[in-house]
Amino acid sequence: MSANFYEPQFTGLMVYNPRTKDTVFNHNAERYFTPASNTKIFTLYTGLQYLPDKVPAFKYTVHGDTLIVRGTGDPSFLHPYFKDSTALEFMRNYKAIKLVTGNYTNEKFGPGWAWEDYDTYFSPERSAFPLYGNVVTISNTDDLETYPKFLRAQTTYTLMDKRRDFNANNFYYKLTRTTNTEVPFVLDTTMVKALWNDLLPDKVEFIPYTSAKTDQILYSIPADSLYKRMMHVSDNFLAEQILILASSTVSDTLDADPIRKSILEKQLKDLKQKPKWRDGSGLSNYNLFTPLSLVQVLEKLYVDIPRERLFNFFPAGGVSGTLKNWYAGVDGPYVFAKTGTLSSTHTLSGYLLTNSGDVLIFSFMNNNYLTTTDKVREHMQAILEYLRDNY
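**Student:** Hey, could you go over the environment of Asp 215 for me, with residue numbers and the actual values?
**Tutor:** Mapping Asp 215 onto the fold places it in the loop between strand E11 (204-207) and strand E12 (216-222). Under the relative-accessibility criterion, Asp 215 is labelled exposed at 51%.

Have a look at this one:
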């Protein structure tokens, strides 16, 4: 490592060979770092442990011509990327729908999230039955357009930078913008009722709880497509909802907290350093992980999952997702890894293909730097290229 560059900041790097079981390099690998979106590696592992091959869209039972529904946290429902309508098409077969609203126990935002991110695309509210990714997508082709369409009436042009009122569903599109923008909406009672009434007019009744046993499950998209999207574009909303989905497989009550606790006490009980793990996405500054614990989880994934499927979950250097502009190999990607970036935090953990044909597992964590993140990436890339060429 370049000592002068790394001296003012806090850096950890662990490189491990899963074939020989050798630690190739260890610098501060047992120290705790803010992981940012490297947290999603733990979320990926959790989803793979708990979720079936297809995502549970909702739990239900049928009484006559009435459908009683409990949300499972499935984020794909009419999502701007997935646009899945499985649940909607199923619901249209019934005269009346009773939607349980009281089965979600977490706060709408995670602990330690920045309050000023309330109107940013990467910080939607968490919920039991998301719609449209819990965002309105605003575009400006010939005139303002919104997805869902009915929110156009609550959307106006602005010269300011804000995208939504702090605690109200009034949305704004900056006149100088040229791209689509996704703005989280406030999931208050009025909004939820309006969203459902727009989809299924006068069909949906909201009930806080039900004694009916909702033991049937409707499934939506392949779970792998959810994991891949979460990892490739570092989607915070999908990450949070995956933990909620995992909780739906063990209880009718949706609560991500016991899922994180359970997986650390059972499947990950052998971690040498137990992480401080507070959310699914890594938005929380309360999260603390060590490079060693990330390498351990990456090794479990490497052992459990066929390589082609596993590497498909991760952005590929120079090719896809958050690594599209970095770590490009001459003959194809040599890095398959998850990035993580917050203010003065940049992390990268995953798999490195060496010229000798070995696969190395690594976790590279940088905290508390004052330089630019691109400068940090440049130094990381030089080190990973050295490993590729010389190991």
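**Student:** Which residues make up the nonpolar core, and what are the values?
**Tutor:** By size, the foremost hydrophobic cluster in this structure holds 51 residues, and its most contacted members are Phe 42, Leu 301, Phe 314 and Tyr 351. Take this core: its biggest share by element is seven residues, from helix H6 (residues 236-248). Core analysis: the second largest hydrophobic core is formed by 32 residues, Phe 77, Leu 88, Leu 99 and Trp 196 among them.

**Student:** Provide a residue-level description of unusual backbone geometry, including the pertinent values.
**Tutor:** Only a minority of non-glycine residues have a phi that is not negative, and only a minority of peptide bonds are not trans. In this chain, Tyr 147 is followed by Pro 148 through a cis amide linkage whose omega measures 5 degrees. Note that Pro 148 resides in the loop between strand E7 (144-147) and strand E8 (155-158). Phi at Ala 36 takes a positive value of approximately 50 degrees, unusual for a residue other than glycine. Secondary-structure assignment places Ala 36 in the loop between strand E2 (22-27) and helix H2 (39-50). Of note in this structure, Tyr 132 is not a glycine but carries a positive phi near 60 degrees. Tracing the backbone shows Tyr 132 in the loop between strand E5 (96-100) and strand E6 (135-140). Tyr 132 sits in the buried class, given a relative accessible area of 4%.

**Student:** If you had to explain the packing of H2 against helix H5 (residues 223-233) to someone new, which residues and values would you point to?
**Tutor:** Viewed as axis vectors pointing N to C, H2 and H5 meet at an angle of 175 degrees, and their least axial separation amounts to 11 Å. Regarding the angle of H2 to H5, the classification is roughly antiparallel. For the pair formed by H2 and H5, the contact residues are Lys 40, Ile 41, Thr 43, Leu 44, Gly 47 and Leu 48 on the first element and Tyr 227, Met 230 and Met 231 on the second. Grouping the amino acids of the contact of H2 with H5 by side-chain chemistry returns six nonpolar, two polar and one charged.

**Student:** Before we move on, can you summarise the packing of H2 against helix H7 (residues 256-265) with the specific residues and values?
**Tutor:** Where H2 contacts H7, the two axes come as close as 11 Å, and the packing angle between them is 85 degrees. As far as their axial angle goes, H7 and H2 are roughly perpendicular. Here H2 contributes Phe 42, Tyr 45, Thr 46, Gln 49 and Tyr 50 to the contact with H7, which in turn contributes Ile 259, Ser 262, Ile 263 and Leu 264. When the residues that make up the contact of H2 with H7 are grouped by side-chain class, the tally is six nonpolar, three polar and no charged.

**Student:** Hey, could you go over H5 for me, with residue numbers and the actual values?
**Tutor:** Residues of H5 that are buried: Ala 223, Leu 226, Tyr 227, Met 230, Met 231 and His 232. In this structure, the buried residues of H5 make contact with H2, strand E3 (54-63), E12, H6, helix H9 (307-313) and strand E13 (335-342). Looking one or two residues past H5, Ser 234 carries a phi angle of roughly 55 degrees, positive in sign.

**Student:** Describe in detail the side chain of Gln 296, supporting the description with residues and values.
**Tutor:** Residue placement: Gln 296 occurs in helix H8 (residues 291-304). Look at Gln 296 and you get buried, because its relative accessible area is 15%. Excluding residues that lie within four positions of it along the chain, Gln 296 makes contacts with Asp 270, Leu 271 and Lys 272.

What counts, and at which threshold
- Residues numbered from 1 in each chain as written.
- Predicted model: local features only at pLDDT ≥ 70, side-chain atom pairs only at ≥ 80, totals over all residues.
- Heavy atoms only, no water.
- Helix = DSSP H or I, 4+ residues; strand = E, 2+ residues; numbered from the N terminus.
- Buried < 20%, exposed > 50% of the residue type's maximum accessible area, 1.4 Å probe, protein only.
- Core = buried A, V, L, I, M, F, W, Y, C linked by side-chain atoms within 4.5 Å.
- Axes fitted to C-alpha atoms, helices over the stretch in contact; angles between N-to-C directions.
- Parallel < 35°, antiparallel > 145°, perpendicular 65-115°, else oblique.
- Contact = heavy atoms within 4.5 Å.
- Nonpolar A, V, L, I, M, F, W, Y, C, P; charged D, E, K, R; others polar.

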